[in-house]
Amino acid sequence: MKGKNLYRRIVVIAAVVMAAAGIYLAVRQLEKKFLANPATQKESTEVPDIKETIRGTLKLGGKKYAWTHKMESYLIIGTDASGNASAKGKEYKGTMADFLLVLAVDRTDHTYSMIQLNRDTITEVTLMQTDGSGMASAEEQICTAHWYGGNPIQSCENTVEAVSGLLGGIPFTGYYALNMEDIPVLNRMVGGVTVTIEDDFSKVDPTLIKGSTLKLSDKQAYTYVHDRFDVGDERNISRMKRQRNYMEAFLKQARAEYEKDSGFVMDLYRELKDTTVTDLTGKKISRLAKEFGRSANQGIYSFEGKEKIGQRLGDGIDHAEFFIDDDSRLQILSKIYGLKEYETKK
């Protein structure tokens with residue numbers, strides 16, 4: 001009996017071993033067939049989770065992100081009356097960028113979005129010399145980027161560089177800079193913009209009555225969009241809210257004007273041509289106008305953050321300093337550009 005039991009055990013063990021060997025060989029054969037067939041393999045790329053063509057990348061917080069839509073980014077700059085913009089060379093002193101707006105155009109989905117930047121945002125600014133060189137940089141309010149350089153073009157380019165750095169390296173397709181004093185022209189071209197006055201303007205313009213809704217005259221439009229001191233709490237964040245309200249109403253009226261007359265945008269471009277600084281040609285702006293005509297406006301965004309008073313400029317005067325919340329920046333950029341993380345190495 002003992003001999004028969006031993007024999008049976010040996011037979012069972014041998015069968016198990018043979019079955020395991022058979023399974024192993026079968027798996028190996030399947031692996032060989034799978035590896036030999038390109039259709040069963042994923043394409044080897046540095047971005048395994050992004051199947052579409054990568055259109056651009058940026059880097060935030062030590063992580064790299066990509067977008068796959070065909071995006072174009074433009075920087076709209078509104079300058080103040082400071083500086084000495086008409087001078088040349090060493091005598092030139094750029095104006096400050098009082099207003100900064102990133103226009104992101106999604107040519108894949110035919111939408112466009114805007115990011116309004118706080119002029120007091122602290123970021124790295126190149127201290128560009130009057131010859132256009134920049135050997136040093138400093139953490140300053142982003143509005144000061146337009147101070148530097150030897151002419152208005154260099155000031156704009158320095159501002160584009162600072163904004164691009166703030167946004168993780170987003171490339172810009174172009175820029176368009178106008179003086180805030182041209183607000184009356186914009187207002188006139190659309191027949192006046194209607195807004196609800198939410199701040200106290202009694203010290204600067206009693207006709208702007210808090211709580212009232214009115215169509216702004218050209219002079220009122222400038223005051224409403226530009227003035228900050230002696231208005232409400234005098235904070236730039238409050239002025240930014242007024243500017244957004246004005247922009248939203250202006251864009252609706254501008255779109256209506258364009259639908260009535262497709263030449264409206266070019267008329268506006270020619271009206272401001274002598275006082276603006278841009279690297280965009282009339283042909284490019286005309287093409288953009290056509291894109292806007294068939295695109296959906298996704299709204300105006302602004303980053304959350306913290307505000308404090310400091311003296312980074314070293315002039316002995318207190319200035320507002322705004323520090324962007326990293327999560328807010330990533331969230332908004334991801335929403336607009338459809339960011340997908342693909343590299344986490346620092």
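Residues numbered from 1 in each chain as written. Predicted model: local features only at pLDDT ≥ 70, side-chain atom pairs only at ≥ 80, totals over all residues. Heavy atoms only, no water.

Student: Any chance you could break down the packing of aromatic side chains for me, citing the residues and the numbers?
Tutor: All chains considered together, the criterion is met by five aromatic pairs. When the centroid spacing of 4.8 Å and the interplanar angle of 50° are considered together, the rings of Y112 and F292 count as tilted. Taken together, the positions of Y112 in strand 5 (residues 111–117) and F292 in helix 7 (residues 282–293) put the pair 180 residues apart, joining distant regions of the chain. What makes F292 partly exposed here is its relative accessible area of 23%. On the numbers, 6.5 Å between centres and 80° between planes, the contact of W147 with Y148 is edge-to-face. Classification of Y148 by relative accessible area gives buried; the value is 17%. Seen from the ring of Y148, K93 lies directly overhead, with NZ or CZ sitting 6.0 Å from the centre. The lysine or arginine in question, R228, covers the ring of F229, its NZ or CZ lying 4.5 Å from the ring centre. (Phe/Tyr/Trp six-rings, centres within 6.5 Å; stacked < 30°, edge-to-face > 60°. Helix = DSSP H or I, 4+ residues; strand = E, 2+ residues; numbered from the N terminus. Buried < 20%, exposed > 50% of the residue type's maximum accessible area, 1.4 Å probe, protein only. Lys NZ or Arg CZ within 6 Å of the ring centre and 35° of its normal.)

Student: Which residues make up the pattern of salt bridges, and what are the values?
Tutor: When charged atoms on two side chains of opposite charge get close, those side chains can pair. Summed over the entire model, instances satisfying the criterion amount to 17 salt bridges. A salt bridge links R119 to D98, with the nearest nitrogen and oxygen atoms 2.8 Å apart. Taken together, the residues R119 in the loop between strand 5 and strand 6 (122–126) and D98 in strand 4 (residues 97–106) connect sequence positions 21 residues apart. For D120, the salt bridge is made with R119, and the minimal N-O distance between the two is 3.0 Å. Comparing D120 with R119 shows no difference in burial state: the two are buried. Each of E72, R107, K284, R287, E291 and R294 takes part in salt bridges that share partners, so that together they form one network. (Salt bridge = Lys/Arg side-chain N within 4 Å of Asp/Glu carboxyl O.)

Student: Requested: an account of helix 8 (residues 326–337), with residues and values cited.
Tutor: Over its 12 residues, helix 8 extends 16 Å from the first C-alpha to the last, a length consistent with the 16 Å expected when each residue adds 1.5 Å. Three or more residues of helix 8 are buried, namely S328, R329, I332, L333, I336 and Y337. The arc that holds every buried residue of helix 8, seen down its axis, measures 135°, which confines them to one face. Among the exposed residues of helix 8, those oriented more than 90 degrees off its buried face are D327, Q331 and K335. The opening residue of helix 8, the one whose side-chain oxygen lies 3.2 Å from the backbone nitrogen of D327, is D325. G338, located one to two residues past helix 8, shows a positive phi value of around 60°. (Expected span 1.5 Å × (residues − 1). Arc of directions from axis to C-beta. Polar contact = N/O pair within 3.5 Å; in protein donor to acceptor, adjacent residues only side chain to side chain.)

Student: Could you give an account of the nonpolar core, with specific residues and numbers?
Tutor: I197, L216, Y224, Y246 and F250 are the most contacted members of the largest nonpolar core, which has 40 residues in total. Sequence-distant contacts of F250, that is, excluding residues within four places in its chain, are made with L186, V190, V193 and L268. One finds W67, V125, A145 and L333 within the second-largest nonpolar core, a separate group that totals 37 residues. (Core = buried A, V, L, I, M, F, W, Y, C linked by side-chain atoms within 4.5 Å. Contact = heavy atoms within 4.5 Å.)

Student: A description of the environment of L313 should follow, citing residues and the corresponding values.
Tutor: Structurally, the position occupied by L313 is in the loop between strand 13 (305–310) and strand 14 (319–324). Sequence-wise, L313 and E140 are 173 residues apart; in three dimensions their C-alpha atoms are separated by 6.9 Å. Ignoring sequence-local partners within four residues, the contact set of L313 consists of E140, Q141, T144, W147 and H319.

Student: Outline unusual backbone geometry, listing residues and values.
Tutor: Most of the time, phi is negative for any residue but glycine, and the peptide bond is trans. Located in the positive-phi region is D230, a residue other than glycine, with phi close to 65°. Here D230 shows up in the loop between helix 4 (218–226) and helix 5 (236–260). At E234, a residue that is not glycine, the phi angle is positive and equals roughly 65°. Structurally, the position occupied by E234 is in the loop between helix 4 and helix 5. Among the residues examined, E234 registers a relative accessible area of 33% and is labelled partly exposed.

Student: So what's going on with the sheet that holds strand 8 (residues 174–179)? Which residues, and what values?
Tutor: What the six strands build is an open sheet, ordered 11-8-3-4-5-12; its pairing is mixed. Two strands in the sheet have a free side with no partner beyond their single neighbour: strand 11 (277–278) and strand 12 (296–302). Bridging between strand 3 (residues 71–79) and strand 8 involves six bridges; their strand directions are parallel. The partner of I76 across the bridge, within strand 8, is Y176. Along the sheet face, helix 5 touches strand 4, strand 5 and strand 12 and points at about 155° away from the line of strand 5. (Pairing = 2+ DSSP bridges. Axes fitted to C-alpha atoms, helices over the stretch in contact; angles between N-to-C directions.)

Student: Just give me the short version of the side chain of D227, but keep the residues and values in it.
Tutor: Along the chain, the position of D227 falls in the loop between helix 4 and helix 5. One buried charged side chain, D227, makes no salt bridge at all; its nearest oppositely charged neighbour is R239, positioned 6.9 Å away. At a separation of 2.9 Å, a polar atom in the side chain of D227 contacts the side chain of H226. Ignoring anything within four residues of it in the chain, the contact list for D227 reads V204, Y222, R239 and R242. (Lys, Arg positive; Asp, Glu negative; His and termini not counted.)

By themselves, these figures tell us nothing about what the structure is for.
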